[in-house]
Amino acid sequence: MASGAKIIGMEYMSTDGYSINDCGGEALCIRAFRKYLLNQLAFLCAGQNSVFRRNPFGRIMMKEGIKFVFVTNCSPMGDCKQFDAQFYNALRRKEVLNVKFGEMEATTDLVAKTAKKSGNQRMPFNYEDCGKLHVYRKMALDHVPDQCLVPKPDNVVYLSTVVAPSAKLALRNVVGMQGALLSTLIDSVYFPEYYVGRAFDEEAMARALGGRLQGASLPQGVSVRVPQITRLTWKPSRMADKTTVYSFVWCEGGTLELLRGDIGKVIETIKPEDITGLSEEMLKAYDSREIKSATPSQYCSYTFYEDFTALLTSFNKQVDTCANLKKSATAYQAAKQAVYKAFEKQGLGNWPRKAMKHGF
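Residues numbered from 1 in each chain as written. Predicted model: local features only at pLDDT ≥ 70, side-chain atom pairs only at ≥ 80, totals over all residues. Heavy atoms only, no water.

A.B. asks: Got a sec to walk through helix α4 (residues 165-175)? Specific residues and values, please.
C.D. replies: In terms of burial, α4 is a largely internal element, ten of the eleven residues being buried. What α4 keeps buried is the set Pro165, Ser166, Ala167, Leu169, Ala170, Leu171, Arg172, Asn173, Val174 and Val175. Residues of α4 that are buried in the fold lie against α1 (25-45), β4 (69-72), β7 (135-137), β9 (193-196), α6 (202-209) and α10 (330-345). Count one or two residues on from α4 and you reach glycine 176, which has phi positive near 105°. (Buried < 20%, exposed > 50% of the residue type's maximum accessible area, 1.4 Å probe, protein only. Helix = DSSP H or I, 4+ residues; strand = E, 2+ residues; numbered from the N terminus. Contact = heavy atoms within 4.5 Å.)

A.B. asks: How would you explain empty space enclosed by the protein if you had to name every residue and give the values?
C.D. replies: Considering all chains together, one arrives at one cavity of 30 Å³ or more under this definition. When its volume is computed, the largest cavity comes out at roughly 40 Å³. Lining the largest cavity, in full, are Glu26, Ala27, Ile30, Pro165, Lys168 and Leu169. Here the residues of the lining of the largest cavity sort into four nonpolar, no polar and two charged. (1 Å grid on protein atoms, 1.4 Å probe; cavity = no way out; pocket = protein on both sides within 12 Å on 5 of 7 lines; lining within 4 Å. Points joined across faces, edges and corners; volume = space filled by probe spheres on them. Nonpolar A, V, L, I, M, F, W, Y, C, P; charged D, E, K, R; others polar.)

A.B. asks: Mind laying out the sheet that holds strand β12 (residues 256-260), listing which residues take part and the relevant values?
C.D. replies: Adjacent strands of a sheet form backbone hydrogen bonds with each other and so pair up, either parallel or antiparallel. Taken in spatial order, the four strands of this open sheet run β1-β11-β12-β13, and their pairing is antiparallel. Only two strands of the sheet have a single neighbouring strand rather than two, namely β1 (2-3) and β13 (265-270). Bridge analysis of strand β11 (residues 246-249) against β12 gives four bridges, and the strand direction is antiparallel. Following the sheet pairing, phenylalanine 248 is matched in β12 by leucine 258. (Pairing = 2+ DSSP bridges.)

A.B. asks: Hey, could you go over the pattern of salt bridges for me, with residue numbers and the actual values?
C.D. replies: Within the structure shown, the criterion is met by eight salt bridges. A salt bridge links lysine 35 to aspartate 307; the shortest N-O distance between them is 2.7 Å. One end of the pair, lysine 35, is in helix α1; the other, aspartate 307, is in helix α8 (residues 301-314), and 272 residues separate them in sequence. Owing to a relative accessible area of 13%, lysine 35 belongs among the buried residues under this scheme. (Salt bridge = Lys/Arg side-chain N within 4 Å of Asp/Glu carboxyl O.)

A.B. asks: Talk me through a positive patch on the surface; I want residue IDs and the actual numbers.
C.D. replies: A contiguous patch of positive charge on the surface is contributed by Lys327, Arg353, Lys354 and Lys357. The topology assignment puts lysine 354 in the segment after α10. (Patch = residues over 30% accessible without salt bridge, like charges linked within 9 Å, V, L, I, M, F, W, Y side chains within 5 Å. Areas by Shrake-Rupley, 256 points an atom, 1.4 Å probe, with all protein chains shown as cover. Lys, Arg positive; Asp, Glu negative; His and termini not counted. Charge placed at Lys NZ, Arg CZ, Asp CG, Glu CD.)

A.B. asks: Account for the sheet that holds strand β10 (residues 228-231), naming residues and giving values.
C.D. replies: Taken in spatial order, the three strands line up as β4-β9-β10 in an open sheet, and their pairing is parallel. This sheet does not close on itself; its edge strands, each paired only once, are β4 and β10. For this sheet, the mean inter-axis angle between neighbouring strands, taken without regard to orientation, is 20°. Relative to β10, β9 is paired through four bridges, and the arrangement is parallel. Paired with tyrosine 194 across the bridge in β10 is isoleucine 229. (Axes fitted to C-alpha atoms, helices over the stretch in contact; angles between N-to-C directions.)

A.B. asks: Report on the pairing of β4, specifying residues and quantitative values.
C.D. replies: Residues of β4 alternate between two faces, with Phe70 and Thr72 buried on one and Val69 and Val71 left unburied on the opposite face. Relative to β9, β4 runs parallel, the two sharing four bridges. Each residue of the ladder has a partner; that of threonine 72, found in β9, is valine 196.

A.B. asks: Residue-level account of the nonpolar core, with values.
C.D. replies: Residues Leu37 and Ile186 are the most contacted members of the largest nonpolar core, which totals 46 residues. Contributions of two or more residues to this core are made by α1, α5 (179-183), β9, α6, α8 and α9 (322-328). If you tally residues by element for this core, the top one is α1, at nine residues. Filtering out sequence-adjacent residues up to four positions away, leucine 37 remains in contact with Phe52, Phe68, Gln178, Leu182, Ile186 and Val189. In this structure, Ala167, Val174, Ala216 and Trp351 belong to the second largest nonpolar core, which totals 20 residues. (Core = buried A, V, L, I, M, F, W, Y, C linked by side-chain atoms within 4.5 Å.)

A.B. asks: Describe in detail the packing of α1 against α8, supporting the description with residues and values.
C.D. replies: It is the contact of α1 with α8, at a shortest axis distance of 10 Å, that shows an interaxial angle of 20°. Taken together, the axis directions place α1 and α8 in an arrangement best described as roughly parallel. As for the relative orientation of α1 and α8, their crossing is left-handed in sense. Contacts between α1 and α8 involve Arg31, Arg34, Lys35, Leu38, Leu41, Ala42 and Cys45 on the former and, on the latter, Ser301, Phe304, Asp307, Phe308, Leu311 and Ser314. (Parallel < 35°, antiparallel > 145°, perpendicular 65-115°, else oblique. Left-handed = near helix turned anticlockwise from the far one by under 90°.)

A.B. asks: Go over the pairing of β12 with me, naming the residues and quoting the values.
C.D. replies: Within β12, five of the five residues are buried, which leaves the element mostly enclosed by the surrounding structure. In β12, alternate side chains face the same way, and those of Leu256, Leu258 and Arg260 on one face and Glu257 and Leu259 on the other are all buried. A loop of six residues connects β11 with β12, the two strands running antiparallel in sequence, and glycine 253 in this loop sits at a positive phi of about 90°. With five bridges connecting them, β12 and β13 associate as antiparallel partners. Looking at β13, one finds that leucine 259 is bridged to valine 266.

A.B. asks: So what's going on with the layout of surface pockets? Residues and values would help.
C.D. replies: Volume-wise, the second largest pocket comes out at about 1700 Å³. As for the second largest pocket, its lining consists of 48 residues, of which Arg172, Lys326, Lys336, Tyr340 and Lys354 are closest to the centre. The biggest single contributor to the lining of the second largest pocket is α10, with seven residues.

Right, here's the structure in full:
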């Protein structure tokens, strides 16, 4: 479980793996999920109850009937939000607007009457950016959400190398949510169902999460897993401030972490029994804390690597550097590179390289 809407500043990026570059809700949620899978593998090794099992040949597999779903309060940033919101809202209000189909545009009298009465003109929608790879642009103000846009020649210098969650989820729907390290022990794990609240467009979601990769040249045995998308009917409670510099992340069996998204580190850990007492007043009190007092998250790359190598030792497997272990997941790496090439070949954008690679 996670929540957040900020990415790290370039000045806080490092090669030691102690900082989390993307503190958005989707990215933190996947980190927490991998931590959960790691814990379940540890349970299997210790002979405890786990979602994993060993087949007669000793291979680690997911138990039958186990299924994971992805729940989010709104459509992920990036291409999932690339749809004609004005037309969508008009349909919800049962209004009629001029609708564009290719180069043809149908205009009704009601449009003119509505525009004259309200003063709101229909804004043109840019269909050219549909399906394109989006990246974040870091904003200086804490209360202003980091922008998510398609890189252009005139603004690329202001962009980070953090890819929008829509593209990351599209990648994960091919290679799996488990990541490279866990791929050396288990098969790929997918979310077959997505539950989304608030306004979203089914066509845009299907396109962003896998439709734009259909027909891509993928390694044998690898395919695009387009999830089933279901609209949530409940309305979650929200804090008054829509955007904050803080992020939350929690995994079963651990404490809830409060992170500053602009530095990618933890400023407070909260016990599960104290979660109900969390309030906006407490968040405001954290503003006075110095950034120097922040500590690495249990979900940061280096901590995950340490926990993973401890698990390898328990399984009597060889331990190596993080880079070499990731390279050893050859099938995973081949599928990932195929997705990168698919984006580039279809003219959807080049997947940016990481500004800093881990040095452990």
